[in-house]
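Coordinates in review
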Amino acid sequence: GVLDLYSRVLAVEPDNIEALTYFGWFTVLSSTQEADASAAATRLQNGMLLLRQATIADETYPDAHCFLGIVRFRLAGDAAGAKEQLDICAALNPPAEVKGFVDSIRAEVAAALNQ
């Protein structure tokens, strides 16, 4: 599957920012399909760690900030942490297919924070 592909890329290129980001994102998404609550929580944590690692590895890569912001808001219930990442994401001019999605989430986050 897609996780295997990204893990193989990372085995060869551990600093590949796209592989790190999307491996984290797909790990998070797979956590929502996991029936076992404990396994799902572990997968979510692992995915969030990968995304955080990606934002540190290359702080100018918008996708990592976008995904981390989405995950913090939707799955971790951290609106303030989400806002920080989503603001960085928006400032870095994310790709069009990510931007529309992020703009709507930013509006939800602002509402949650009463801003």
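Higher on the page you've got the structure.
In what follows, the accompanying structure is described.

Cut-offs and rules
- Residues numbered from 1 in each chain as written.
- Predicted model: local features only at pLDDT ≥ 70, side-chain atom pairs only at ≥ 80, totals over all residues.
- Heavy atoms only, no water.
- Disulfide = S-S within 2.5 Å.
- Helix = DSSP H or I, 4+ residues; strand = E, 2+ residues; numbered from the N terminus.
- Buried < 20%, exposed > 50% of the residue type's maximum accessible area, 1.4 Å probe, protein only.
- Expected span 1.5 Å × (residues − 1).
- Contact = heavy atoms within 4.5 Å.
- Core = buried A, V, L, I, M, F, W, Y, C linked by side-chain atoms within 4.5 Å.
- Phe/Tyr/Trp six-rings, centres within 6.5 Å; stacked < 30°, edge-to-face > 60°.
- Axes fitted to C-alpha atoms, helices over the stretch in contact; angles between N-to-C directions.
- Left-handed = near helix turned anticlockwise from the far one by under 90°.
- Nonpolar A, V, L, I, M, F, W, Y, C, P; charged D, E, K, R; others polar.

**A few points about the state of the cysteines**
Under the definition given, this model contains one disulfide. There is a disulfide in this structure between Cys-66 and Cys-89, and the S-S distance comes to 2.0 Å. Torsion about the S-S bond of the Cys-66 and Cys-89 cystine: about 75°, corresponding to right-handed handedness. Of the two residues, Cys-66 sits in helix α4 (residues 62-74) while Cys-89 sits in helix α5 (residues 79-91), which places them 23 residues apart along the sequence. For the pair formed by Cys-66 and Cys-89, the shared burial category is buried.

**A closer look at α4**
With 13 residues, α4 should reach 18 Å at 1.5 Å per residue; the first-to-last C-alpha distance of 18 Å fits that figure. Within α4, the full set of buried residues consists of Pro-62, Asp-63, Ala-64, His-65, Cys-66, Phe-67, Leu-68, Gly-69, Ile-70, Val-71, Arg-72 and Phe-73. The inward-facing, buried residues of α4 abut α2 (17-31), α3 (37-57), α5 and α6 (96-112).

**Structural notes on the nonpolar core**
Judged by nonpolar contacts, the single largest core of 30 residues is most densely connected at Ile-70, Val-71, Leu-86, Val-102 and Val-109. Secondary structure elements with two or more residues in this core: α1 (2-12), α2, α3, α4, α5 and α6. With residues near it in sequence (within four places) discarded, Val-109 still touches Phe-73, Ala-79, Ala-82, Lys-83 and Leu-86.

**Structural notes on the packing of aromatic side chains**
For the structure shown, the criterion picks out five aromatic pairs. With a centroid separation of 6.4 Å and 25° between ring planes, the pair formed by Tyr-6 and Tyr-22 is classed as stacked. Remark: Tyr-22 occurs in helix α2 and Tyr-6 occurs in helix α1; sequence separation between them is 16 residues. Residue classification places Tyr-6 among the buried residues on the basis of a relative accessible area of 19%. Consider the rings of Tyr-22 and Phe-26, whose centres lie 6.4 Å apart with planes at 40°: the pair is tilted. Taken as a pair, Tyr-22 and Phe-26 lie in helix α2 at a separation of four residues, close to a single helical turn.

**Describing the packing of α3 against α4**
α4 packs onto α3 with a crossing angle of 145° between their chain directions and a minimal axis gap of 9 Å. The way α3 lies across α4 gives a crossing that is left-handed. Contacts between α3 and α4 involve Leu-44, Met-48, Leu-51, Arg-52, Ala-54 and Thr-55 from the first element and Ala-64, His-65, Phe-67, Leu-68, Val-71 and Arg-72 from the second. For the contact of α3 with α4, the residue count by class is eight nonpolar, two polar and two charged.

**Some details on the side chain of Thr-27**
Note on placement: Thr-27 falls in helix α2. Note on Thr-27: relative accessible area 7%, which makes it buried. Not counting residues within four places of it along the chain, the set of residues in contact with Thr-27 comprises Leu-3, Arg-43, Asn-46, Gly-47 and Leu-50.

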